[in-house]
Amino acid sequence: DHLRSVTLAEGNVELNGLKNVEVYLSDLFSAVSDRTYHQIYCNPPQDLGNEFLQEMVSECTKHLKDKGYVYFVIQKQIKPVIEKLFKKYFGNCTIVATGKIHAVLKGIKHG
């Protein structure tokens with residue numbers, strides 16, 4: 001399933017003609033341990049529990065440059081959990097979009 005996700009992400013990059021985009025198969029940020037980014041886009045596995053989600057948000061803060069931002073695409077039922085985590089680690093959370101099943105949340109890192 002993880003390989004399928006990487007293949008789909010790579011296909012979307014190609015389909016949309018995106019440049020300066022990297023797709024990694026990684027356990028959190030292990031494949032890019034020393035890198036920082038201006039933007040991180042994530043559709044986290046939501047069946048691994050709140051502790052995992054907290055670790056993921058925490059790790060995002062370590063891999064974002066100052067004023068960088070992260071977008072999470074999540075199932076609506078865990079939106080309150082992610083909102084709380086973004087506010088804890090970033091000090092902010094913006095709901096970018098909501099649909100019937102999913103929501104997109106944004107956090108911005110302020111040094």
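Bear in mind the structure is a predicted one, so any value in this text is a computation, not a measurement. (Residues numbered from 1 in each chain as written. Predicted model: local features only at pLDDT ≥ 70, side-chain atom pairs only at ≥ 80, totals over all residues. Heavy atoms only, no water.)

**Looking at the packing of aromatic side chains**
- By the definition in use, this model includes four aromatic pairs.
- When the ring of Tyr41 is compared with that of Tyr71, the centres are 5.2 Å apart and the planes differ by 5°; the resulting orientation is stacked. A residue pair is termed long-range when its members are at least 10 positions apart, and Tyr41 in strand β1 (residues 37-42) and Tyr71 in strand β2 (residues 64-75) qualify at 30 residues.
- Relative accessible area serves as the criterion here: at 54%, Tyr41 is assigned to the exposed category.
- Taken together through their ring pairs, the aromatic side chains of Tyr41, Tyr69 and Tyr71 make up a single cluster. (Phe/Tyr/Trp six-rings, centres within 6.5 Å; stacked < 30°, edge-to-face > 60°. Helix = DSSP H or I, 4+ residues; strand = E, 2+ residues; numbered from the N terminus. Buried < 20%, exposed > 50% of the residue type's maximum accessible area, 1.4 Å probe, protein only.)

**As for the sheet that holds β1**
- On the basis of which strands lie adjacent, the open sheet formed by four strands has the order β1-β2-β4-β3 and mixed pairing. Bordering the open sheet on either side are β1 and β3 (94-98), each of which pairs with just one other strand. Each neighbouring strand pair of the sheet contributes to a mean axis angle of 15°, computed without reference to strand direction.
- Along the sheet, helix α3 (residues 79-89) makes contact with β2, β3 and β4 (102-108), crossing β4 at roughly 5°. (Pairing = 2+ DSSP bridges. Axes fitted to C-alpha atoms, helices over the stretch in contact; angles between N-to-C directions. Contact = heavy atoms within 4.5 Å.)

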